[in-house]
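Listed below, chain by chain, are the residues.
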Amino acid sequence: MDLRIFTEPQQGASYDTLLTVAKAAEDLGFDAFFRSDHYVAMGSADGLPGPTDAWITLAGLARETKRIRLGTLMTAGTFRLPGVLAIQVAQVDQMSGGRVELGLGAGWFEEEHKAYGIPFPQEKFARLEEQLAIVTGLWATGIGRTFSYEGAHYRLTDSPALPKPVNGKVPVLIGGHGATRTPRLAAQYADEFNIPFASIGDSERQFGRVRAAAEAAGRRADDLVYSNALVVCVGKDDAEVARRAAAIGRKVDELKANGLAGSPDEVVDKIGRYGAIGASRIYLQVLDLDDLDHLDLISSQVQSQLS
């Protein structure tokens, strides 16, 4: 089971904070450092000192880290033109020596679009499908050849389809709860399918839909990685769990029901139950980015048991 650190910087984090967490994650043996792609804080958070851009952040981390993989859960398709996104991701991948992964979603948070003057189209899912075709098509085009695309939302003519990622392509993550279109897109374009903040039962049903869609598309279902994203709150004892829950404004019982919370053994047990239904990777949503002791505890007492 791979454990990856997943952050939500729009809730309040500077680049320096993210760099500290990414380096700690690397030093502690975690598989990857991922971040969300949002520009406005959610809930009661003040969001200070202000938003950081996902791909600018990852470019910096690409040069400041050596081993850990880097990516997004999920890049908002509404934020960037697909041709530009393909260039950005390929460049950051080169800067990292081939350690980048692209999670790409349709975009959903209307308020951040209003706040920063970003168009919020009605046909977001149809645009996402074209974006996936374009980004992966640009990377797959041989050097010296050109790529053209004619869609309802995007048109590319004789693109040189440069630059290229280090290994020819960047792993693509697609995720979500949709019962029909999401599994179909994952079957067509994804290297990994991720379901965020879902129960074991809901995860098992959605993994089953994606596996069936992959086989219907002529792929082996096991060609895809299946993963979950879950909030994490681990403590050596009940008091430490309660303190960490309070620090992120959550209740312990709710965290235990909907995330990975409790003692290391409790969390290992629950991760094992996700593993039993097909998950081989867990993104640990870490909400208190100043609590590096939390990462240390997860590494020494949770990750160590899983490996």
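Quick caveat, the model's predicted, so the values are computed rather than measured. (Residues numbered from 1 in each chain as written. Predicted model: local features only at pLDDT ≥ 70, side-chain atom pairs only at ≥ 80, totals over all residues. Heavy atoms only, no water.)

This part covers the overall build of the chain. Counting secondary structure elements, the chain contains 11 helices and 12 strands. Computed over C-alpha atoms, the radius of gyration of the chain comes to 19 Å, within 12% of the 19 Å expected from 2.2 N^0.38 for 307 residues, which places it in the range of a compact globule. Along the first, second and third principal axes, the C-alpha atoms of the chain reach 60 × 45 × 35 Å. Expressed as a percentage of contacts within the chain between residues at least 6 apart in sequence, the contacts between residues at least 24 apart total 72%. For the chain, the exposed surface amounts to about 13400 Å²; the carbon and sulfur share of it is 50%. Between the centroid of the 32 positive side chains of the chain and the centroid of its 40 negative side chains there is a distance of 5 Å. (Helix = DSSP H or I, 4+ residues; strand = E, 2+ residues; numbered from the N terminus. Rg over C-alpha atoms; globule rule 2.2 N^0.38 Å. Contact = heavy atoms within 4.5 Å. Areas by Shrake-Rupley, 256 points an atom, 1.4 Å probe, with all protein chains shown as cover. Lys, Arg positive; Asp, Glu negative; His and termini not counted. Charge placed at Lys NZ, Arg CZ, Asp CG, Glu CD.)

Attention shifts here to the nonpolar core. Ile5, Phe33, Trp55, Trp139 and Leu284 are the most contacted members of the largest nonpolar core, which totals 77 residues. Apart from the residues lying within four places of it in its own chain, the contact partners of Trp139 are Ala86, Val89, Ala90, Leu102, Pro163, Lys164, Pro165, Gly168, Lys169, Val170 and Val172. By size, the runner-up hydrophobic cluster in this structure holds seven residues, among which are Phe34, Leu73, Leu173 and Tyr283. (Core = buried A, V, L, I, M, F, W, Y, C linked by side-chain atoms within 4.5 Å. Buried < 20%, exposed > 50% of the residue type's maximum accessible area, 1.4 Å probe, protein only.)

The next thing to look at is helix H10 (residues 264-276). For H10, which comprises 13 residues, the first-to-last C-alpha distance of 18 Å matches the rise-based estimate of 18 Å (1.5 Å per residue) to within 8%. What H10 keeps buried is the set Pro264, Val267, Val268, Lys270, Ile271 and Tyr274. Viewed along the axis of H10, the buried residues span an arc of 165 degrees, placing them on a single side of the element. In this structure, H10 carries Asp265 and Ala276 as exposed residues pointing more than 90 degrees from its buried face. The first or second residue beyond H10 is Gly278, which carries a positive phi of 120 degrees. (Expected span 1.5 Å × (residues − 1). Arc of directions from axis to C-beta.)

So, about the pattern of salt bridges. In the structure shown here, the tally under the stated rule is 22 salt bridges. For the salt bridge of Arg281 with Asp2, the shortest nitrogen-to-oxygen distance reads 3.2 Å. Here Arg281, found in strand E12 (residues 281-286), pairs with Asp2, found in strand E1 (residues 2-7); they are 279 residues apart in sequence, far enough to count as distant. Here Lys236 ties to Glu240 by a salt bridge, and the two come within 2.8 Å at their closest N and O atoms. (Salt bridge = Lys/Arg side-chain N within 4 Å of Asp/Glu carboxyl O.)

As a further point, take the environment of Gly272. The residue Gly272 is located in helix H10 in this model. Gly272 gets classed as partly exposed once you look at its relative accessible area, which sits at 39%. Placed 240 residues apart in sequence, Gly272 and Ala32 show a C-alpha to C-alpha distance of 20 Å.

Scope: geometric values only; no functional claims are made or implied.
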